[in-house]
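The chain contents come next:
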Amino acid sequence: MPDTATSSAVPGDLVELGRIVGAYGIKGWVKVQPHSAQSDVLLRSSTWWLTRLAPESARGVVASAPAAYKVEQARAHGATVVAQLQGIADRDQAESLRGYAVKVSRSLFPAAGEDEYYWVDLIGCAFYTNAEGEPARVGTVEEVFDNGAHAILRVLLQRAPAPGGEPEPRLDAKGRPLEMLVPFVGAHILSVDLATRRIDSNWPTEF
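Residues numbered from 1 in each chain as written. Predicted model: local features only at pLDDT ≥ 70, side-chain atom pairs only at ≥ 80, totals over all residues. Heavy atoms only, no water.

Participant: I'd like a rundown of the overall build of the protein chain, residues and numbers included.
Facilitator: Of the regular secondary structure elements, the protein chain holds three helices and 13 strands. Expressed as a percentage of contacts within the protein chain between residues at least 6 apart in sequence, the contacts between residues at least 24 apart total 56%. Accessible area of the protein chain: about 12,000 Å², with a carbon and sulfur share of 50%. (Helix = DSSP H or I, 4+ residues; strand = E, 2+ residues; numbered from the N terminus. Contact = heavy atoms within 4.5 Å. Areas by Shrake-Rupley, 256 points an atom, 1.4 Å probe, with all protein chains shown as cover.)

Rendered as structure tokens:
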């Protein structure tokens, strides 16, 4: 069972790091699919906050409030993380958590090394390029993923906002959002400023 934590005790800086995809073995272990290759935080955290997500088709249904579970053991298992949570003693209990989001307080993340970044911190950053000579905002980082050699930023392209307004998505002829993929490597990423939520690059745009 989850810890006896009230809603007021739920940290305000929870970050979703993965989803439970099923049970592992017969002794109550769960298997988690991390959202990125950076699963170290899941392995190091002593408490996970689990949230049952509402089905996408269920209108008006609210996901459950986060509940705290103590992590008794956790280890990497291929591309996943498997863990034994306090109060989860058999396969049926573990299977009942399938689909739950796994969240951890951002304050518990170990400090990143020099020129290292947590992918979750890059998502939502404004993306600029100086390919035309002057820095210009071209979009926002929507996703970060690994292609096997390095991280890739998926940037949703946006029009420059009017004064006091918000950036608007750029669309193709069929009304679909335009995007571009940018290698997150030193040759193209000039600077990352997490304080201002800005990434500067020399990556060319073709739109």
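From this point, things continue past the structure.
Participant: Lay out the layout of surface pockets in plain terms, naming residues and giving numbers.
Facilitator: In this structure, the largest pocket spans a volume of roughly 260 Å³. As for the largest pocket, its lining consists of 13 residues, and the residues nearest its centre are H35, S36, W119, V120 and I123. Those elements that provide at least two residues to the lining of the largest pocket are strand 1 (14-24), helix 3 (119-122) and strand 8 (136-146). Per-class residue counts for the lining of the largest pocket are eight nonpolar, three polar and two charged. Two domains each donate at least three residues to the lining of the largest pocket, and these are domain 1 (14-108) and domain 2 (119-201). (1 Å grid on protein atoms, 1.4 Å probe; cavity = no way out; pocket = protein on both sides within 12 Å on 5 of 7 lines; lining within 4 Å. Points joined across faces, edges and corners; volume = space filled by probe spheres on them. Nonpolar A, V, L, I, M, F, W, Y, C, P; charged D, E, K, R; others polar. Domains from an automatic or database assignment.)

Participant: Help me get a handle on the nonpolar core, residues and values and all.
Facilitator: Most often, soluble globular proteins have nonpolar side chains that are buried together. Residues V30, W48, L50, L85 and L97 are the most contacted members of the largest nonpolar core, which totals 23 residues. Of all the secondary-structure elements, those providing two or more residues to this core are strand 1, strand 2 (29-34), helix 1 (40-44), strand 3 (47-51), strand 4 (67-77), strand 5 (80-85) and strand 6 (101-105). When residues of this core are assigned to their parent elements, the largest contribution, four residues, is made by strand 1. Sequence-distant contacts of L97, defined by excluding residues within four places in its chain, comprise I20, V30, L50, Y69, L85 and I88. Membership of the second largest hydrophobic core comes to 17 residues, among which are L122, A151, V182 and I189. (Core = buried A, V, L, I, M, F, W, Y, C linked by side-chain atoms within 4.5 Å. Buried < 20%, exposed > 50% of the residue type's maximum accessible area, 1.4 Å probe, protein only.)

Participant: Which residues make up the side chain of D121, and what values go with them?
Facilitator: Here D121 is to be found in helix 3. Judged by relative accessible area, D121 falls into the buried class, the value being 13%. In this structure, D121 is in contact with R106, L194 and R197, ignoring residues within four places of it in sequence.

Participant: Lay out the pairing of strand 8 in plain terms, naming residues and giving numbers.
Facilitator: Note: strand 7 (residues 126-129) against strand 8, four bridges, orientation antiparallel. Residue pairing in the sheet places Y128 in a bridge with R137 of strand 8. Between strand 7 and the antiparallel strand that follows it, strand 8, lie six residues; G133 among them carries a positive phi value of about 110°. Here strand 8 pairs with strand 9 (residues 151-159) via seven bridges, running antiparallel. Each bridged residue has a counterpart across the sheet, and for T140 the counterpart in strand 9 is L156. Turn length for the strand 8-strand 9 hairpin, with the two strands adjacent in sequence and antiparallel, is four residues, and the turn residue G148 shows positive phi of about 100°. (Pairing = 2+ DSSP bridges.)

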